Amino acid sequence: MMQQLLTLLFQSVSILLFGYFIPALSSVKAVVHRDIEAYHQWSTYWLILHLYTTILSPILHLTLHPLFQLLAILWLSLPRYQGAAVVYDRVVIPWVNKYEVQVDDTIDVAHRGARRWVIAKVKTILWAVMGEGGSLVDVLIKGVIGSIADDDSKVSETQNTNHPTSSSNPPRHSVKEALSHSSSSIDDMSINDDHSFDDNLVQDFISMLIQGLYVFANVEKISINGEHERNIFEGGFKLGVLSLDGGRKWFNITQAGRDQQQEQSVERVYVNDLTRLAASGPQSIILECSTTAGELIIKAEIVLSDESDRNVMLNGLRQCLPILKD
């Protein structure tokens, strides 16, 4: 029993010494003395050792005596044999040359898939928090983004009577939530189910648009010569508010927390200039308009909380646009 323990201890210490400690000191010397040949040798060794410990070692540990593991480490690390260089030249390099393109493509696909998955999860969490948080979320959004709410005590009675502030009617978090009292048939509405909107529901839908709706938005402004003009949504999708102007002439798209009364804080899509209204992906709507002179095309992509909310929004807009254009 004691002999087995001593043998196991000797093997472990030897692996640590020849597999890690001495190569680490040699790597430091190669860097300090700027020895390119030694630097290449030990970089190759650490690469092969990593492959060995993560792929081969778990398999060999079950099939080979620990003594053979020690011999493998010595063969890889000792400068006399340079086994790591042999494996690198005869196995790694031919494999990379043969499968490099496929590996790069697979990595790119994996990165894009992971990025889409993370973005989808983050959006789902945000919508869930907004749906559950109610007015508390409105306060948090304004606080995080930096919007400073007006102090109600400083607003005169006359202003409150003639010019109601948007803080008394904050944007809604869901189309279905805003219209739930109007119709029970909107929960299972399909993308072409516009017949489900009666007159009362249309009026409620327009009122909801005027009040505003939290969305993720991206806006592109393209001039007649194909150049992209800057806008407040530069750089991709941002949390914003979609609303219908009180005069029902245009849609306002504003970053959440910004003042909609400030011209430079709002992107507008004019109702009469609207040339395209379509679904995009599982949760998005495309609003596209062209200025009267045709010198500028504005394309806004609006992401709703889920596919059902998108369907209700799209069908509601199809029903309301003829009314708004009158």
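Just so you know, these numbers come straight off a predicted model, no measurement behind them.

Cut-offs and rules
- Residues numbered from 1 in each chain as written.
- Predicted model: local features only at pLDDT ≥ 70, side-chain atom pairs only at ≥ 80, totals over all residues.
- Heavy atoms only, no water.
- Helix = DSSP H or I, 4+ residues; strand = E, 2+ residues; numbered from the N terminus.
- Buried < 20%, exposed > 50% of the residue type's maximum accessible area, 1.4 Å probe, protein only.
- Contact = heavy atoms within 4.5 Å.
- Areas by Shrake-Rupley, 256 points an atom, 1.4 Å probe, with all protein chains shown as cover.
- Pairing = 2+ DSSP bridges.
- 1 Å grid on protein atoms, 1.4 Å probe; cavity = no way out; pocket = protein on both sides within 12 Å on 5 of 7 lines; lining within 4 Å.
- Points joined across faces, edges and corners; volume = space filled by probe spheres on them.
- Axes fitted to C-alpha atoms, helices over the stretch in contact; angles between N-to-C directions.
- Parallel < 35°, antiparallel > 145°, perpendicular 65-115°, else oblique.
- Nonpolar A, V, L, I, M, F, W, Y, C, P; charged D, E, K, R; others polar.
- Expected span 1.5 Å × (residues − 1).
- Bend = angle between axes of the 7 residues up to and from the residue.
- Polar contact = N/O pair within 3.5 Å; in protein donor to acceptor, adjacent residues only side chain to side chain.
- Phe/Tyr/Trp six-rings, centres within 6.5 Å; stacked < 30°, edge-to-face > 60°.
- Salt bridge = Lys/Arg side-chain N within 4 Å of Asp/Glu carboxyl O.

Draft legend 1. Here's a closer look at the overall build of the chain. For the chain, the count of helices and strands is 9 helices and 8 strands. By residue count, 34% of the 326 residues in the chain fall in the buried class. Across the chain, every contact between residues at least 6 apart in sequence was considered, and the portion connecting residues at least 24 apart equals 56%. Of the accessible surface of the chain, which amounts to about 20,200 Å², a share of 58% is contributed by carbon and sulfur atoms.

Draft legend 2. The pairing of strand E1 (residues 213-223), seen in detail. In terms of residue burial, E1 counts as a mostly covered element, since 9 of its 11 residues are buried. Taken together, the 8 bridges between E1 and strand E8 (residues 296-303) define a ladder with antiparallel strand orientation. Note that in E8 the partner of lysine 221 across the bridge is isoleucine 298.

Draft legend 3. Structural detail: empty space enclosed by the protein. A full pass over the atoms with the stated rule returns 1 cavity of 30 Å³ or more. The space that makes up the largest cavity amounts to roughly 40 Å³. Every residue lining the largest cavity is listed: Gln41, Trp42, Tyr45, Leu76, Ser77, Gln82, Ala84 and Ala85. For the lining of the largest cavity, the elements supplying multiple residues, two or more each, are helix H2 (36-63), helix H3 (66-77) and helix H4 (83-133). Considering every element that reaches the lining of the largest cavity, the biggest residue donor is H2, with 3 residues.

Draft legend 4. Fine view of the packing of helix H8 (residues 199-211) against helix H9 (residues 307-325). Orientation of H8 relative to H9, taken along the N-to-C sense of each, is 100 degrees, at an axis distance of 10 Å. By the angle between their directions, the pair H8 and H9 is classed as roughly perpendicular. From H8, Val202, Phe205, Ile206, Met208 and Leu209 reach across to H9, where they touch Val312, Met313, Gly316, Leu317, Gln319, Cys320, Ile323 and Leu324. Its residues assigned to classes, the contact of H8 with H9 comprises 11 nonpolar, 2 polar and no charged.

Draft legend 5. Geometry of H9. End to end, H9 covers 27 Å across 19 residues, agreeing with the expected 27 Å (1.5 Å per residue, within 8%). Along its length, H9 shows its largest kink, about 30 degrees, at glutamine 319, and proline proline 322 lies within four residues downstream of that point. The N-cap of H9, judged by a side-chain oxygen 3.2 Å from the amide nitrogen of serine 308 a few residues on, is aspartate 306.

Draft legend 6. Layout of the packing of aromatic side chains. Tallied over the full model, the rule gives 5 aromatic pairs. Residues tryptophan 42 and tyrosine 45 carry aromatic rings whose centres are separated by 5.6 Å and whose planes lie at 80 degrees to one another, so their mutual orientation is edge-to-face. You can see tryptophan 42 and its partner tyrosine 45 sitting in helix H2, 3 residues apart, about one turn around the helix. For the pair shown, tryptophan 42 and tyrosine 45 are each scored as buried.

Draft legend 7. Representation of the pattern of salt bridges in the model. Applying the stated criterion across every chain yields a total of 4 salt bridges. A salt bridge links lysine 176 to aspartate 306; the nearest nitrogen and oxygen atoms lie 3.6 Å apart. In this pair, lysine 176 is assigned in helix H7 (residues 175-179) and aspartate 306 in the loop between E8 and H9, connecting sequence segments 130 residues apart. Given a relative accessible area of 19%, lysine 176 falls into the buried group.

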